[in-house]
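Survey of secondary and tertiary structure
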Amino acid sequence: MAFELPQLPYAYNALEPYIDAQTMEIHHSKHHAAYTNNLNAAVKGTENESKTIEDLFVNVSKLPVAIRNNGGGFYNHDLFWKFMKPNGGGQPTGDLLEAINKYFGSFDKFKETFSGSATTRFGSGWAWLVVNNKKELIIGSTPNQDNPLMDVSDIKGNPILALDVWEHAYYLKYQNKRPDYIAAFWNVLNWDEITRRFKLAIH
Ligand code: MN3
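We now turn to the structure provided with this report. All chains use their own residue numbering, which begins from 1 and follows the written sequence. Owing to the predicted nature of the model, reporting of local features is limited to residues with pLDDT of at least 70; listing and counting of side-chain atom pairs is limited to 80 or more, with chain, interface and lining totals taken over all residues. For side-chain calculations, the full set of non-hydrogen atoms in the structure is used, while hydrogens and water are omitted.

Right, let's get into the overall build of the protein chain. Secondary structure summary: the protein chain contains eight helices and three strands in total. Segments assigned H or I by DSSP are reported as helices when at least four residues long, segments assigned E as strands when at least two residues long, and all are numbered from the N terminus. Counted from the first residue to the last, the protein chain has its helices and strands arranged as α-α-α-α-α-β-β-β-α-α-α. Taken over the C-alpha trace, the protein chain has a radius of gyration of 16 Å; the compact-globule value for 203 residues is 17 Å, and the two agree within 12%. Three exposure classes are used, based on accessible area relative to the maximum for each residue type with a 1.4 Å probe and protein chains only: buried under 20%, partly exposed in between, and exposed over 50%. Residues counted as buried form 50% of the 203 residues belonging to the protein chain. Under the convention used here, a 1.4 Å probe and the Shrake-Rupley method define accessible areas, while residue burial counts only the protein chains that appear. In the structure as shown, the protein chain presents an accessible area of about 9800 Å², 50% of it carried by carbon and sulfur atoms. Positive charges are assigned to Lys and Arg, negative charges to Asp and Glu, while His and the chain termini are left out of the count. Here the site of a charge means NZ on Lys, CZ on Arg, CG on Asp, or CD on Glu. Positive and negative side-chain charges in the protein chain, numbering 20 and 22 respectively, have mean positions lying 3 Å apart. Atoms counted for the radius of gyration: C-alpha only. Globule rule: 2.2 Å times residue count to the power 0.38.

As structure tokens, this is what we get:
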């Protein structure tokens, strides 16, 4: 059973003006598609072919690096698309807002910490909001296509928010101005999906 490129849950231009249609089209139909195809090629004909992506991540340090890189790319982008939506943004409410206040002091401090993590990740990678195994909210970043489900990751747990800071995610519109892209990201957040994953992670 091959891994399939998930459909984008909205049109390529749906996140304009914050993320432009051309970036979204290339990002999904070329980059995400390539990770998916390369993951399938990496597991084909091996014992890894029958495993779930989560099972692969648990022992990814012992697997071919193509599975780490492309499996991460396959999975991380699927999350990333779902964490955004047209007319998104604003703030969460209820238990998630309370947890954010508890662990980061305030919603503004949370934004600042997450944005800082995304800004300072050197080179290509991802910023994450994660529920760790103590059910605490933590923020961190990973290089390349690593993610918090991988045994190689410094930050571990269930990701409930992800931000792609590879240049391919923003360069057409923002060029070298990664902080501008990160600032725009807050306007397209899908707090319903983030809250849904938070509730699953803490129970
Ligand atoms: Mn990407």
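Turning our attention to the environment of Y10. Looking at the element boundaries, Y10 is found in the segment before α1 (21-43). Classification of Y10 by relative accessible area gives buried; the value is 11%. Expressed as a C-alpha distance, the spacing of Y10 and V130, which sit 120 residues apart in the sequence, is 25 Å. Discounting chain neighbours no more than four positions away, the residues touching Y10 are L15, M24, W81, M84, K85 and P86. One polar contact links the side chain of Y10 to the main-chain carbonyl oxygen of W81, over a distance of 2.8 Å. Any pair of residues with heavy atoms lying within 4.5 Å of one another is described as a contacting pair. Here a polar contact is recorded for every N or O atom pair within 3.5 Å, except that within protein the pair must consist of a potential hydrogen donor and a potential acceptor, and residues adjacent in sequence are included only if both atoms are side-chain atoms.

Moving on, we come to the nonpolar core. Ranked by internal contacts, the top residues of the largest apolar core, which has 59 residues, are F110, F114, L137 and L163. Setting aside residues up to four positions removed in sequence, F110 forms contacts with I100, F104, L129, I139, L161, W186 and W191. Within this scheme, the nonpolar core is defined by two criteria: the residues are buried Ala, Val, Leu, Ile, Met, Phe, Trp, Tyr or Cys, and they are joined through side-chain atoms within 4.5 Å.

What follows covers the coordination of the manganese ion. For a metal with four donors in a tetrahedral arrangement, the ideal angle between donors is 109.5 degrees, while six donors in an octahedron ideally sit at 90 or 180 degrees. The donor definition counts N, O and S atoms within 2.8 Å of each metal and applies 3.2 Å to Na, K and Ca; water is not among these atoms, so some sites may look incomplete. Protein coordination of the manganese ion is provided by H27 (NE2), H77 (NE2), D164 (OD) and H168 (NE2), with donor distances spanning 2.0 to 2.1 Å. Read in sequence order, the donor residues for the manganese ion give the motif H-x49-H-x86-D-x3-H. Note on accessibility: D164 and H168 belong to one class, buried.

In this section: the packing of aromatic side chains. Here is the rule: rings of Phe, Tyr and Trp (six-membered ring for Trp) pair when centre to centre is within 6.5 Å. Planes less than 30 degrees apart are stacked, more than 60 are edge-to-face, and the remainder are tilted. Enumeration according to the criterion identifies 16 aromatic pairs in this entry. Taken together, a centroid distance of 5.3 Å and an interplanar angle of 85° make the contact between F57 and Y75 edge-to-face. Placement of the pair is F57 in helix α2 (residues 53-58) and Y75 in helix α3 (residues 65-82), with a sequence separation of 18 residues. Take F57 and Y75: they sit in the same class, and that class is buried.

Next up on the list: the pairing of strand β1 (residues 125-131). Within β1, seven of the seven residues are buried, which leaves the element mostly enclosed by the surrounding structure. Of the two faces of β1, the one holding G125, A127, L129 and V131 and the one holding W126, W128 and V130 are both buried throughout. Judged from the seven bridges that link them, β1 and strand β2 (residues 137-143) form a sheet pairing that is antiparallel. Within β2, the position partnered with L129 by the bridge is I139. In this analysis, strands are considered paired if DSSP registers two or more bridges between them. Bridging between β1 and strand β3 (residues 158-164) involves six bridges; their strand directions are antiparallel. Looking across to β3, one finds that W126 is bridged to D164.

Strands sit in the order β2-β1-β3 across an open sheet of three strands; the sheet is antiparallel. Two strands lie at the open edges of the sheet, namely β2 and β3, each paired on one side alone. Taken pair by pair, the neighbouring strands of this sheet meet at an average axis angle of 25°, ignoring direction. Simply put, an axis is a line fit to the C-alpha atoms, just over the touching stretch for a helix, and the angle between two N-to-C directions goes from 0 to 180 degrees. Helix α8 (residues 191-202) rests against β1, β2 and β3 of the sheet, and its axis sits at about 145° to β3.

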